[in-house]
Every structure is written in C-alpha cells, then in structure tokens.
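Here is how the chains run, residue by residue.
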Amino acid sequence: MLKRKWAIGAGLAMLATASHAGIPYQQKQVCPVGGQKFETTGTGSCSTFGLTQDFFFKRPSSCDFVTRLPQCPDNKLPLYKDFTKDEVKLLETYLASEEYLAIEARSRFYIAKKVDDFLVSKGSEKVMNFSYLLGGLQNDRENTENDSEYRQWVIDAGMEDIKKGDPADVPYIRMLMGYTAYLGGQFDHASALLQAVKDDASVKDSPLVKTYVAKVERCIAAKDTALCPSSDYVMPEDERR
C-alpha cells in the first residue's frame, strides 16, 4: 500500500506525465481483519491545475476520482498503512470492542486516527500526523470540518509539525491551523496563528499568503464561521494561474 504525503507548501505538488495523467484503474484490496476482498480506484499519475486552491489548500486535479484512504466495506477499517501481524491480532479484538463499534459511522479519517491511537498505546509507531489529518479536511470535509474533536486533532498535530518539521512549511501549517481554529470559533487563537504568519519574513512577499491571511482575518473580525467557506478559492479568479 502506498503511503501519501499531502502537499502543504506552495511549491509542493503531484507531478504527472501528460500521456498517463488521470487514467483510472481498479486495485484489488484485502481487508487485513476478516479477509474481505474489495476494489478501490487508483491512477498511475496525477496532474494538478496551477495555483488554484481552497482554504484547505486542496487543488483541482486530474485524479479527483481516486479512492482516498481505502476502507474495508464490512468492518470499516481504514487502510492507512500496512499493518504488521501483531497489529492485526490487536485489531481483531479492537474492531469488536464497544469503543470501535461506536465510531464506525464516523469519517474514515476519524476512524484511522482512533485506530492509530489504539495501536500507539500498544507500542506501535504513530502514523496519523498532520499531513494525514489534513487529508481528511481536504477529501472528507463534510464529515470532518464540523467535528470539534477532529479540528482539535488537526491543530494539535500542526503544532507538533511546527516544532519538528520543515521550516519552509511552517507558515502554511500555521495558516491551516488558523483557519481550522476560526472554523471552531476559536477567534483569538486563530488571530495569533495568522499574526505569526504575517511576522514570518520568509513569506512576506507571497500573494497567496497575503490573500489567505487577509480573507480569514476579515472573517475572524466578523466572528462569522460561515463567512469563509472552506471550498471557496483563496485567490480571485483573475489572479489564479
């Protein structure tokens, strides 16, 4: 199974060859717990379209049809990583627990975080980081962006990435954290995060950063969490490229 890295910086993007970009194919999957077989949709390569992006930094692409975070149809286990034999044994018990059964209807990204937390508590290495959680906001926003617990996970994971991640990504992580805090009505926290972006000399000349921060700050000032919908494009039409 391929692990994905979600692009968060303005210079990061998926690259593709024009001859194969956006061609779907079916992938056979086997659920590690229960053995159920199912299919997902993949592609050999993918092209993104310019710098157009929304408030979660999702860009339109030639492969929006791709299955995001495959999930077993029966027990709803998200296949966010390759599980070891020991982890599968642990999951056989966990997936039958009351705790797990209570969250089966939640976002697959939410379930993946809970499964990962469970495995980490048993000694596994943590996988569900900021990039994966951002993927939930980008690709399953109807089930994540209005979930206060999930939003807090994103903010907490962003703080971890700021401390140990690539310095070039820090202002973009702060912007996403600030916007996520704004969605939850955490206006003071959101303002502080965006102020840190404005104080960052590395992005002081970025049109995207200036526009993003200014728009979210206006929505924060209005104290209206519906004023900046996540699916709106950040840059005006005539400035997209």
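Every value quoted in this text rests on a predicted model; they were computed, and no experiment measured them. (Residues numbered from 1 in each chain as written. Predicted model: local features only at pLDDT ≥ 70, side-chain atom pairs only at ≥ 80, totals over all residues. Heavy atoms only, no water.)

What's the story with the state of the cysteines in this structure? I'm lost.
What makes a disulfide is a covalent bond joining the sulfur atoms belonging to two cysteines. Applying the stated criterion to the full structure yields 2 disulfides. Between C31 and C72 runs a disulfide, and the two sulfur atoms are separated by 2.2 Å. An S-S torsion of about 100° defines the bridge between C31 and C72 as right-handed. Of this pair, C31 sits in the loop between β1 (24-30) and β2 (37-43) while C72 sits in the loop between β2 and α1 (85-94), placing them 41 residues apart in sequence. The same class applies to C31 and to C72, which are both buried. Across the disulfide from C219 sits C228; the S-S distance is 1.9 Å. Between C219 and C228, the S-S torsion sits near 70°, and that sign places the bridge as right-handed. The same class applies to C219 as to C228, namely buried. (Disulfide = S-S within 2.5 Å. Helix = DSSP H or I, 4+ residues; strand = E, 2+ residues; numbered from the N terminus. Buried < 20%, exposed > 50% of the residue type's maximum accessible area, 1.4 Å probe, protein only.)

Honestly, the confidence of the model for the chain in this entry has me stumped. Any pointers?
One rule of thumb: low pLDDT means the predicted coordinates there are not for detailed reading. Looking at the chain as a whole, the pLDDT averages 86, with 85% of positions reaching at least 70. Across residues 1-20, where pLDDT falls below 50, the model places 46 contacts with residues more than four positions away in sequence or in other chains. (pLDDT = per-residue confidence, 0-100. Contact = heavy atoms within 4.5 Å.)

Even after reading the chapter, I still don't get the environment of I23, so can you show me in this structure?
The topology assignment puts I23 in the segment before β1. For the pair formed by I23 and S45, sequence separation is 22 residues and the distance between their alpha carbons is 7.7 Å.

Honestly, the pattern of salt bridges in this entry has me stumped. Any pointers?
A pair can form between side chains of opposite charge whenever their charged atoms are brought close. As enumerated under the stated definition, the model contains 8 salt bridges in all. Linking E149 and K114 is a salt bridge whose minimum nitrogen-to-oxygen distance equals 3.5 Å. Residue E149 is located in helix α6 (residues 148-164), and its partner K114 is located in helix α3 (residues 108-121); the two are separated by 35 residues in the primary sequence. One salt bridge in this structure joins K126 and E160, with 3.1 Å as the shortest N-O distance. Residue K126 is found in the loop between α3 and α4 (130-139), and its partner E160 is found in helix α6; the two are separated by 34 residues along the sequence. Looking at K126, the relative accessible area reads 41%, which means it is partly exposed. (Salt bridge = Lys/Arg side-chain N within 4 Å of Asp/Glu carboxyl O.)

Whenever I open this one, the packing of aromatic side chains confuses me. Can you help?
Aromatic ring pairs are described here by two measures, namely the spacing of the ring centres and the angle between the planes. Under the counting rule described, the total for this entry stands at 12 aromatic pairs. Between Y94 and F118, the aromatic rings sit 4.2 Å apart at their centres with planes inclined by 10°, giving stacked as the arrangement. Placement of the pair is Y94 in helix α1 and F118 in helix α3, with a sequence separation of 24 residues. Each residue in the set F55, F56, F57, Y172, Y179, Y182, F187 and Y212 is aromatic and connected to the rest through ring pairs, giving one cluster. Here the basic side chain of R106 rests over the ring of Y110, its NZ or CZ set 3.9 Å away from the ring centre. (Phe/Tyr/Trp six-rings, centres within 6.5 Å; stacked < 30°, edge-to-face > 60°. Lys NZ or Arg CZ within 6 Å of the ring centre and 35° of its normal.)

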